[in-house]
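# Examination of the molecular architecture
Below, each chain spelled out in residue letters.
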Amino acid sequence: MKKKKFTYEKSGVSIKAADNFVKFISSISSNNKGKKKFNNIGGFGSISSIPKNLKNPKIVACTDGVGTKVEIANMLNKYDTIGIDLVAMSVNDLIVQGAKPLLFLDYISINKIDLKKLKSIIKGIVKGCKISGCTLVGGETAEMPGTYERGKFDIAGFAVGVVDQNKILKKKKIKRNDLVLAIPSSGIHSNGYSLVRYVLKKAKINLKNNLFLKIELLKPTKIYVKEVLNLIDGDLINGCANITGGGLADNIKRIIPDGLVANIDLHEIKTKKIFKWLKLNNIDDEEMLKTFNCGVGFCLIINPKNLHKIKKFFSKEFRPYIIGKIISGKNKVKLNGKIDWS
C-alpha cells in the first residue's frame, strides 16, 4: 500500500497563496512610491536612503499593534481601516520625538491566508503610509494553523523615522507657564478594546445591528504627522504626547521634566459621543481616564505666545484647545475637576 506524502500545504500552510499575496503587496507598493530607487518587497531586507538635507540625522524607531480592535473587524467582516490604525499607532509615537516617518513594515500572523481579507488590510496600511508621508518597504505574513483559531489573526507595525539632532523634542524645552493643548481624537483610536468588547458582551449588543457602533468602533486612528511636523519645523512646540494606553495622565507624565507639573482641567475636555456611550455602561471616571483617550488624541505643550500661530495648521475638527498649564510641583501631572459626560 502506497503511503501518502506529507506536504506543507496539508499541514495548513499554502506557499502559493503567500506568494500571490506578496505579488499583490509589491504591485500596490510600487504604485504608491512614484520614482522609487529600490524595489524592496519580496527581498530579504529593505534598503532606504536617509534624507540628505539633515546635518546630523538620528534614527527613531517605534513598534505597536492595534490590540483587540482586530476582533471588532472580525465581527463586522470589515478590514479596510485597521491598516490605517496600525500605521497611526507607530507614526504618532515617532513625531513625539520630533521625527519624520521614513519607512514602515508590517507583520501579519493568521490562521490561514485569506487573500481578500489580507488585501483589504494592506490597502489600509498603504493609505496610512500615504497620509503620514512614509513608505511601506516590506513586512512578513505568517500562516500559523493551530496557533490561531479559524479566521483569527493579529497585526503589528514597525516604523522608522529620522530627525535632525537640533530638532529633537527634549523635556528640557518645557517651561513653567507653558500651555497644554488637546488635539481631538477621531474616536477610541486603538486602545481599550478589550473593555469595549466586554461592555458589548455584558449588554448583549448585536454589533451588526447598531449603525452608530459599527461606524464608531472601526473609525481609524487620526494620524497627526503632517500637522505636528509643521509645528516642529516652525519651532512652535516645546513638547507633545500621543495619548494611547494609560490615558491622558500616564502619557503626558512621560514628557514632563522633574520639578514641573501639567495642571489639567478635565472640565475643559471636549469629549465625544462614543465615550459618553461607554461612560453610560457602568464605567467610572477613573477607569475611563486610564483606559481611553476620552476625546484627546494628542497633546501639545507650547509657549503661550505661539497659541495664535498654531491653530491655522489644523482643520476645524482637530483644532487644538487649551486644557491646562505647566506649573511648579511634583508628580508631573495633576488632574482637576471632572469631564462633562452630558
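The following paragraphs examine the structure supplied in this document. Values in this document were obtained by computation on a predicted structure and should not be read as measured data. (Residues numbered from 1 in each chain as written. Predicted model: local features only at pLDDT ≥ 70, side-chain atom pairs only at ≥ 80, totals over all residues. Heavy atoms only, no water.)

### Some thoughts on helix H2 (residues 69-76)
Most of H2 is tucked away, with seven of its eight residues classed as buried. Residues of H2 that are buried include every one of Lys69, Val70, Glu71, Ile72, Ala73, Asn74 and Leu76, and no others. Within two residues after H2, asparagine 77 carries a phi angle of roughly 55°, on the positive side. (Buried < 20%, exposed > 50% of the residue type's maximum accessible area, 1.4 Å probe, protein only. Helix = DSSP H or I, 4+ residues; strand = E, 2+ residues; numbered from the N terminus.)

### Regarding the packing of H2 against helix H5 (residues 193-202)
Relative orientation of the contacting elements H2 and H5 amounts to 45°, with a least axis distance of 8 Å. As far as their axial angle goes, H5 and H2 are oblique. In this structure, H2 contributes Lys69, Glu71, Ile72 and Met75 to the contact, and H5 contributes Tyr193, Arg197 and Leu200. Across the contact of H2 with H5, the residue classes break down as four nonpolar, no polar and three charged. (Axes fitted to C-alpha atoms, helices over the stretch in contact; angles between N-to-C directions. Parallel < 35°, antiparallel > 145°, perpendicular 65-115°, else oblique. Contact = heavy atoms within 4.5 Å. Nonpolar A, V, L, I, M, F, W, Y, C, P; charged D, E, K, R; others polar.)

### With respect to the sheet that holds strand E10 (residues 333-336)
By definition, the strands of a sheet pair up through backbone hydrogen bonds, in either a parallel or an antiparallel sense. The sheet built from six strands is open, its strands ordered E6-E8-E5-E9-E7-E10 with mixed pairing. Strands with a single pairing partner mark the edges of an open sheet, and in this sheet they are strand E6 (239-242) and E10. This sheet shows a mean twist of 25° between the axes of neighbouring strands, independent of strand direction. Sheet topology note: the strand E5 (residues 179-184)/strand E9 (residues 321-328) ladder contains four bridges and is antiparallel. Paired with alanine 182 across the two strands is tyrosine 321, which belongs to E9. (Pairing = 2+ DSSP bridges.)

### Points about the packing of aromatic side chains
Counted by the stated rule, this structure contains three aromatic pairs. Seen from their ring centres, tyrosine 224 and phenylalanine 298 are 5.1 Å apart, and the 35° between their planes marks the pair as tilted. Residue tyrosine 224 is found in the loop between helix H6 (211-216) and helix H7 (225-233), and its partner phenylalanine 298 is found in strand E8 (residues 296-302); the two are separated by 74 residues along the sequence. For the pair tyrosine 224 and phenylalanine 298, a shared accessibility class is recorded, and that class is buried. Judged by centre distance (6.3 Å) and plane angle (55°), the ring pair of phenylalanine 275 and phenylalanine 292 falls under tilted. Within this pair, whereas phenylalanine 275 is found in helix H9 (residues 273-279), its partner phenylalanine 292 is found in the loop between helix H10 (285-291) and E8, the two being separated by 17 residues in sequence. The residues phenylalanine 275 and phenylalanine 292 share a single accessibility class, namely buried. Its guanidinium or amino end placed over the ring of phenylalanine 318, lysine 222 lies 4.6 Å from that ring's centre, counting from NZ or CZ. Lying over the aromatic face of tyrosine 321, lysine 270 brings its terminal NZ or CZ to 4.4 Å of the ring centre. (Phe/Tyr/Trp six-rings, centres within 6.5 Å; stacked < 30°, edge-to-face > 60°. Lys NZ or Arg CZ within 6 Å of the ring centre and 35° of its normal.)

Read these as layout, nothing more, since geometry by itself doesn't imply function.
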